[in-house]
Amino acid sequence: MIVILLIVGIGLRVGYRGFVEHPARDEMTYLSWVQKLSKNDISSLPTMHRALIYIGILIENIGFDVELGLRIFNIACALLWLLMMYLLGRTIFASSKAGLICLTLAVFNPYMIQISGQIMREPLYLLVFSAGLFCAVQIVLDVGTLCYASLLAPLTVLGIWSRDEGAEMLLLMIGAMIFRGILIRHDSRRSPAGRRLVAAGVLYLLVLGISATLLLHFCPELTTAFRQNALLVYHRII
């Protein structure tokens, strides 16, 4: 049933692209950004959400058509997002039937059908956010807590790099630790679970710092963007 729904979901998304004759204006903008970055013209490029642009550069470097490659990439992200919807539904509600219901709703979501084949940042970000949410849920359930905490950190950095609003993913770890802490208070075996949660928090911060450092090393222009955003927030507070 899962495979059938995934095939239907991809069929709807590919079929929708077949009725679209010309790329949308925003898609043309992304394609022009890829061309500019390939020529080292970064003067008019966005500073933050460049993940999809760099993926376009990678596709160009391997000699594949950029427009078609980015469409295929986003459809692949949409397929993985559908799978994440099933996993989230099954995990949160502890029921495979609930997972199938979530997957069905995601498959026939009109907005997701529309954006899945477009050259936009939303399919990638939705996949990254959903994967991060799945990690957070596993931390709350205390299932592979350390592994999922270390995975959530680079996903958070990737989310910030994919979309300006990606900073909201920082709340996933905070929320997971709060809810897990509440559950620990009602557990008679507090010590092992409490130590594990603290270790997960420390590991998350460590991997988050390493991931952010690596990203800033390879994309130094992000440092300027972070400073500008920090100054903007500071002036708003003042």
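Residue indices follow the written sequence of each chain, beginning from 1 at its first position. Two thresholds apply to this predicted model, a pLDDT of at least 70 for residue-level local features and 80 or more for giving and counting side-chain atom pairs, whereas whole-chain, interface and lining totals are computed over all residues. Hydrogens and waters are ignored; side-chain quantities use all the structure's heavy atoms.

> If you had to explain the nonpolar core to someone new, which residues and values would you point to?
Residues Leu82, Leu103, Ile139, Leu152, Met173 and Tyr204 are the most contacted members of the largest nonpolar core, which totals 46 residues. Contributing elements (two or more residues each) for this core: helix H1 (2-18), helix H4 (66-93), helix H5 (96-107), helix H6 (110-116), helix H7 (122-140), helix H8 (145-162), helix H9 (170-185) and helix H10 (190-218). Helix and strand definitions here come from DSSP, where helices need a minimum of 4 consecutive H or I residues and strands a minimum of 2 consecutive E residues; each element is numbered from the N-terminal end. Counting residues per element, this core draws most heavily on H7, at 11 residues. Here, two residues are considered to be in contact whenever any of their heavy atoms come within 4.5 Å of each other. Not counting the four nearest positions on each side in its chain, Leu82 is found in contact with Leu6, Gly9, Arg13, Leu103, Ala106 and Val107. As used in this record, nonpolar core signifies buried Ala, Val, Leu, Ile, Met, Phe, Trp, Tyr and Cys residues forming a set joined through side-chain atoms within 4.5 Å. The buried label goes to any residue with under 20% of its type's maximum accessible area, the exposed label to any with over 50%, and the partly exposed label to all in between, with areas taken from a 1.4 Å probe on protein chains only. Ranked by size, the runner-up nonpolar core spans 13 residues in total, among them Leu52, Ile57, Leu70 and Ile119.

> Tell me about the packing of H4 against H7, residues and numbers included.
At their nearest, the axes of H4 and H7 sit 8 Å apart, and the two run at 25° to each other. By the angle between their axes, H4 is roughly parallel relative to H7. Handedness of the crossing formed by H4 with H7: left-handed. Across from Phe73, Asn74, Cys77, Leu80, Trp81, Met84, Met85, Leu87, Leu88, Thr91 and Ile92 in H4, the residues of H7 making contact are Pro123, Leu124, Leu126, Leu127, Ser130, Ala131, Leu133, Phe134, Val137 and Gln138. Looking at the contact of H4 with H7, its residues break down into 17 nonpolar, 4 polar and no charged. Axes, fitted as lines to C-alpha atoms, cover a helix only where it is in contact. Angles between the N-to-C directions of the axes lie from 0 to 180 degrees. Here is the rule for angles: anything less than 35 degrees is roughly parallel, anything more than 145 is roughly antiparallel, 65 through 115 is roughly perpendicular, and the remaining ranges are oblique. Each crossing gets its handedness from the near helix: less than a right angle anticlockwise from the far helix is left-handed, clockwise is right-handed. Basically, the charged four are Asp, Glu, Lys and Arg, the nonpolar ten are Ala, Val, Leu, Ile, Met, Phe, Trp, Tyr, Cys and Pro, and anything else, Gly included, counts as polar.

> Help me get a handle on helix H3 (residues 51-61), residues and values and all.
Residues of H3 that are buried include every one of Ala51, Leu52, Ile53, Gly56, Ile57 and Ile59, and no others. Backbone geometry just downstream of H3 places Gly63 in the positive-phi region, at approximately 85°.

> Quick rundown of H4? Include the residues and the values.
For H4, which comprises 28 residues, the first-to-last C-alpha distance of 40 Å matches the rise-based estimate of 40 Å (1.5 Å per residue) to within 8%. For H4, the capping residue at the N-terminal end is Asp65, with a side-chain oxygen 3.4 Å from the backbone nitrogen of Glu67. Positive backbone phi, at 55°, marks Ala94, one or two positions downstream of H4. Any helix carries an expected span of 1.5 Å times its number of residues minus one. Pairs of N or O atoms within 3.5 Å make up the polar contacts considered here, provided that, within protein, one atom can donate a hydrogen while the other can accept it, and that residues adjacent in sequence are counted only when both atoms are side-chain atoms.

> Requested: an account of a nonpolar patch on the surface, with residues and values cited.
On the surface, Leu58, Ile62, Phe64, Leu68 and Ile72 cluster together into a nonpolar patch covering about 510 Å² of accessible area. Position of Leu58 relative to the elements: it lies in helix H3. We classify Leu58 as exposed; its relative accessible area is 53%. Distance thresholds for patches are 9 Å for like charges and 5 Å for nonpolar side chains (Val, Leu, Ile, Met, Phe, Trp, Tyr), applied to residues having over 30% relative accessible area and no salt bridge. The protein chains shown are the only cover counted for residues, whose accessible areas, like all others here, come from Shrake-Rupley with a 1.4 Å probe. Any Lys or Arg side-chain nitrogen located within 4 Å of an Asp or Glu carboxyl oxygen qualifies as a salt bridge.

> Provide a residue-level description of unusual backbone geometry, including the pertinent values.
Of note, the phi angle at Ala94 is positive, near 55°, even though the residue is not glycine. With respect to the helices, strands and loops of the structure, Ala94 is situated in the loop between H4 and H5. When its relative accessible area of 69% is taken as the criterion, Ala94 is described as exposed. Phi is positive for Asp142, which is not a glycine, with a value near 60°. Take Asp142: it is sitting in the loop between H7 and H8. Since its relative accessible area comes to 21%, Asp142 is described here as partly exposed.

> An account of the side chain of Thr91 is needed here, citing residue identities and associated values.
Here Thr91 lies in helix H4. For Thr91, the contacting residues outside a window of four places in its chain are Phe134, Val137, Gln138 and Leu141.

> Describe the pattern of salt bridges, with residues and values.
Under the defined criterion, the tally for this structure stands at 4 salt bridges. Glu122 serves as the salt-bridge partner of Arg163, at 2.8 Å between the closest nitrogen and oxygen. Separated by 41 residues along the polypeptide, Arg163 in the loop between H8 and H9 and Glu122 in helix H7 bring together distant segments of the chain. You'll find Arg163 and Glu122 in the same group, each marked buried. As a salt-bridge pair, Arg180 and Asp142 come within 3.3 Å of each other at their nearest N and O atoms.

> Quick one: what's the story with the environment of Ile182, residue by residue and with numbers?
With respect to the helices and strands, the residue Ile182 is situated in helix H9. Looking at Ile182, the relative accessible area reads 41%, which means it is partly exposed. For the pair Ile182 and Val140, spaced 42 residues apart in the sequence, the C-alpha separation amounts to 9.5 Å.

> Can you break down the confidence of the model for the protein chain residue by residue, with the values?
pLDDT is a residue-level measure of predictor confidence that goes from 0 to 100. Residues with a pLDDT of 70 or more make up 82% of the protein chain, whose mean pLDDT is 82. Per-element averaging of pLDDT across the protein chain places helix H11 (residues 221-237) at the bottom with 55 and H7 at the top with 93.

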